[in-house]
Amino acid sequence: MNSAASDSPNRRGRHWRRFGRYASVVGVVAAVLLVVLYVAARLYLPTLLAQKGDIEAYLTRAAKHPVHLGRIESYWRGLNPGVRVYGVTVYSPDERRAGIRIGEVQISVEPLALLRGQLEVYRLVLVRPALTLVRDRDGRIGVADLSLPDEAPSGAGLAWLLGMARVELRDGELGWRDERAAAGLFKISAVNLELRNRSARHRLQANADFPDKLCRRCAVIADVTGDLSTNSWNGELTLRTEGLDLQALPPILRERLPGDWRGRFDLDLWSDWRNARPTMIRGQAAATQVRFPFGAKPQTISLRQLSAAVAWKQTNAGWRLDLDRLTLGLINAPWSAGRLHLEYAGQENLFEIDHLNLDDLTGFVVANQPQHPLLRYWADLRPSGAVNALRVKTQGPLADPSAFEVKADLVQLGTAAHERLPSVTGLSGHVSLDNTGGSIAIDTKNFTFDLPRVFRAPLPVGRSKGKVHWRKTADAWHIAGEDLMVQGEDGRGSGELTLDIPYDTSRSPVLKLRVD
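Residues numbered from 1 in each chain as written. Predicted model: local features only at pLDDT ≥ 70, side-chain atom pairs only at ≥ 80, totals over all residues. Heavy atoms only, no water.

Undergrad: Describe the packing of aromatic side chains, and please don't skip the residues or the numbers.
TA: Counting across every chain of the model gives 3 aromatic pairs. On the basis of an interplanar angle of 25 degrees and a centroid distance of 5.8 Å, the ring pair of Trp-233 and Trp-273 is categorised as stacked. On the criterion of sequence distance, the pair formed by Trp-233 in strand β10 (residues 233-245) and Trp-273 in strand β11 (residues 262-274) is long-range, its members being 40 residues apart. For the pair shown, Trp-233 and Trp-273 are each scored as buried. Taken together, a centroid distance of 5.8 Å and an interplanar angle of 25 degrees make the contact between Trp-319 and Tyr-344 stacked. Of the two residues, Trp-319 sits in strand β14 (residues 319-329) while Tyr-344 sits in strand β15 (residues 335-344), which places them 25 residues apart along the sequence. Since its relative accessible area comes to 29%, Trp-319 is described here as partly exposed. (Phe/Tyr/Trp six-rings, centres within 6.5 Å; stacked < 30°, edge-to-face > 60°. Helix = DSSP H or I, 4+ residues; strand = E, 2+ residues; numbered from the N terminus. Buried < 20%, exposed > 50% of the residue type's maximum accessible area, 1.4 Å probe, protein only.)

Undergrad: For the state of the cysteines, give the residues involved together with the corresponding values.
TA: Every disulfide links exactly two cysteines, by a covalent bond between their sulfur atoms. This structure, assessed with the given rule, holds 1 disulfide. Across the disulfide from Cys-215 sits Cys-218; the S-S distance is 1.9 Å. Because the torsion about its S-S bond is 115 degrees, the bridge between Cys-215 and Cys-218 counts as right-handed. Comparing Cys-215 with Cys-218, the two get one shared label, buried. (Disulfide = S-S within 2.5 Å.)

Undergrad: Would you mind going over the pairing of strand β4 (residues 121-135) in detail, with residue names and values included?
TA: Direction of pairing for strand β3 (residues 98-109) relative to β4: antiparallel, over a ladder of 9 bridges. Bridge assignment links Arg-101 to a residue of β4, and that residue is Ala-130. For β4 and strand β6 (residues 166-178), the ladder comprises 11 bridges, and the chain directions are parallel. Each bridged residue has a counterpart across the sheet, and for Arg-123 the counterpart in β6 is Arg-166. Pairing of β4 with strand β5 (residues 141-143), which is carried by 3 bridges, proceeds in the antiparallel orientation. (Pairing = 2+ DSSP bridges.)

Undergrad: Go over the packing of helix α6 (residues 358-367) against helix α7 (residues 373-381) with me, naming the residues and quoting the values.
TA: Contact geometry for α6 and α7: axes closest at 9 Å, N-to-C directions at 120 degrees. Put simply, α6 runs oblique to α7. By crossing handedness, the relation of α6 to α7 is classed as left-handed. Where α6 approaches α7, its residues Leu-358, Leu-361, Thr-362, Val-365 and Val-366 are matched on the opposing element by Leu-375, Trp-378 and Ala-379. In terms of residue class, the contact of α6 with α7 is made up of 7 nonpolar, 1 polar and no charged. (Axes fitted to C-alpha atoms, helices over the stretch in contact; angles between N-to-C directions. Parallel < 35°, antiparallel > 145°, perpendicular 65-115°, else oblique. Left-handed = near helix turned anticlockwise from the far one by under 90°. Contact = heavy atoms within 4.5 Å. Nonpolar A, V, L, I, M, F, W, Y, C, P; charged D, E, K, R; others polar.)

Right under this line is the structure:
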């Protein structure tokens, strides 16, 4: 037992000594490699710096414009040697105007590539770059004061940038001039961008100072994996804007918006993408003075204000949208709508909302002069009051549903008389209806009912309770009331009623009333 116990520490000691020898060998090899890399960099970089004229000539041929380089010096960043150029300028063909100016360029190279006698860029930093892009009357885009390209970009430049481990742009300035529009020079300053690449993964952060009339603060963050030149990439995108005004966008961007979209937007949205398509969006969104196209015919809808916490998700059959803490101001002062839930699944769709201010909604519909038949019908009815816990479910296409179900709590509902429908004011209760009929549980005060085809004058009711059902028959609408209680100035009564309103306007309605 004592012999075995003594052998165990000896074996552990031999293992540690062997590990120490391996570690020493690895350390020596690493040190030798570092020395070799250092010597290679010291031998190669000075020859590179001495070839400034050749480098300028090469860049001039590649850019097809004169390129002048300022002072060049070598430096080290960690284990990566590099070259720093103070001042890079790309001139017009006559060398009288500078099209591109860069205050400083830093290029770090791969040290292992130097051992092979090659120069591979690991990190590229552009400090204070400045240029102005221009679109000519033919639609071609290029750099101001430089010759416009004869061919469309091949995408090789993007592939080159994505092949580097790190690309940075610091404190840049970008101008835009559009000769196809009557707009002046558009400038963006303090442009900062950081791109990190590792194999097929690409991470980007970018922000800039825009004109106040366009955006007080705009930034984008991306983390994607895949081939960006095709639709085979996945990843996450984050967009942040404060006061983004769509109307102030340059014409080349406004032209890409669907229809006549306008408004100011504050956004903080995260999104997940699969195969270059969004599958999920979450975050905060707010907008003011929004205008957007609506319907198949050209029509513009305007609303005053909205804000909400957004959660959108793609589903197997369509998509789902949740707006929490939704605040709406269609044409009047903002009001809280609570939570809005939408499910679009092609043939079956669902809409739910906690609260609707019918006065604001009706004013919005009337002000926008709707062309859609359902909205025109709403404008004729002119509903007022409020609706709570609204739930609408439809079957079939949204434009022409084959069936629908509606449930809601009515609060002081009012409607105008329209066609065969009566006008009401002050109606409260729970309603449930579909395309064949419905019911309402009434519990209301100061209710007025006006049906000119039946009663000579509106019927004021101080207090009313009961249940009313209606259904569509072959030749008329059949309405039945049960457990009815009515209290007015002339007294109190209870009973039941039935009312048949024929579709044929030449026939009179039939009312049967039992009062206790």
